[in-house]
Amino acid sequence: MKTIVLSLLQLTPAPTSTGIDTGGLADFLRAFFAPLFLVVVSVVALFFLFTREITRFVQFLILAVAIGVIFYVPNIIEVTAKAIAGALGIK
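Residues numbered from 1 in each chain as written. Predicted model: local features only at pLDDT ≥ 70, side-chain atom pairs only at ≥ 80, totals over all residues. Heavy atoms only, no water.

### Observations concerning the pattern of salt bridges
- Taken as a whole, this structure holds 1 salt bridge when the rule is applied.
- A salt bridge links E53 to R56, with the shortest nitrogen-to-oxygen separation between them at 3.4 Å. (Salt bridge = Lys/Arg side-chain N within 4 Å of Asp/Glu carboxyl O.)

### Some points on helix α3 (residues 54–72)
- Given a rise of 1.5 Å per residue, 19 residues ought to cover 27 Å, and the 26 Å separating the end C-alpha atoms of α3 matches this to within 8%.
- Every buried residue of α3 is accounted for by F57, F60, A64 and G68. Down the axis of α3, the buried set is contained in an arc of 75°. They therefore lie on one face. Across α3 from its buried face, at more than 90 degrees, point the exposed residues T55, Q59 and I62.
- Those residues of α3 hidden inside the fold are in contact with α2 (25–50). (Helix = DSSP H or I, 4+ residues; strand = E, 2+ residues; numbered from the N terminus. Expected span 1.5 Å × (residues − 1). Buried < 20%, exposed > 50% of the residue type's maximum accessible area, 1.4 Å probe, protein only. Arc of directions from axis to C-beta. Contact = heavy atoms within 4.5 Å.)

### Focus: the nonpolar core
- Within the largest apolar cluster, 7 residues are counted, these being F37, V41, A45, F48, F57, F60 and A64.
- Going through the elements one at a time, α2 and α3 are the ones with two or more residues in this core. (Core = buried A, V, L, I, M, F, W, Y, C linked by side-chain atoms within 4.5 Å.)

### Side note on unusual backbone geometry
- The phi torsion at R52 lies on the positive side, around 60°, for a residue other than glycine.
- Along the chain, R52 turns up in the loop between α2 and α3.

### Examining the confidence of the model for the protein chain
- Summarising the model, the protein chain shows a mean pLDDT of 80, and 77% of its residues fall at 70 or more.
- When pLDDT is averaged over each element of the protein chain, α3 comes out on top at 88 and helix α1 (residues 2–11) at the bottom at 61. (pLDDT = per-residue confidence, 0-100.)

### Topic: the packing of aromatic side chains
- Inspection of the entire model under this criterion finds 4 aromatic pairs.
- Where F32 meets F33, the ring centres are 5.0 Å apart and the plane angle is 85°; that geometry is what we call edge-to-face.
- Overall, F32 belongs to the partly exposed group, its relative accessible area being 49%.
- On the accessibility criterion, F33 (35% relative accessible area) is partly exposed.
- Seen from their ring centres, F48 and F60 are 5.8 Å apart, and the 65° between their planes marks the pair as edge-to-face. (Phe/Tyr/Trp six-rings, centres within 6.5 Å; stacked < 30°, edge-to-face > 60°.)

Here it is, written out as structure tokens:
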């Protein structure tokens, strides 16, 4: 009897989750949009350099680095929000 119950337990499939699995969504989006972001940044930076608009180039470069940090550093938004909340005394 014990072997029959054990064999039935092994044949019974595990219950499946009915929700959407979003575990790798952030990694997928980062892997998809990050190279596209780099291409756009390089094209615009080359445009500013060839037209000799150095001030706009520096402004664009600073903005691109700030946006790039958001793309490439995982959990940066959560860490920043926790730091701001901690500085304001919110737990």
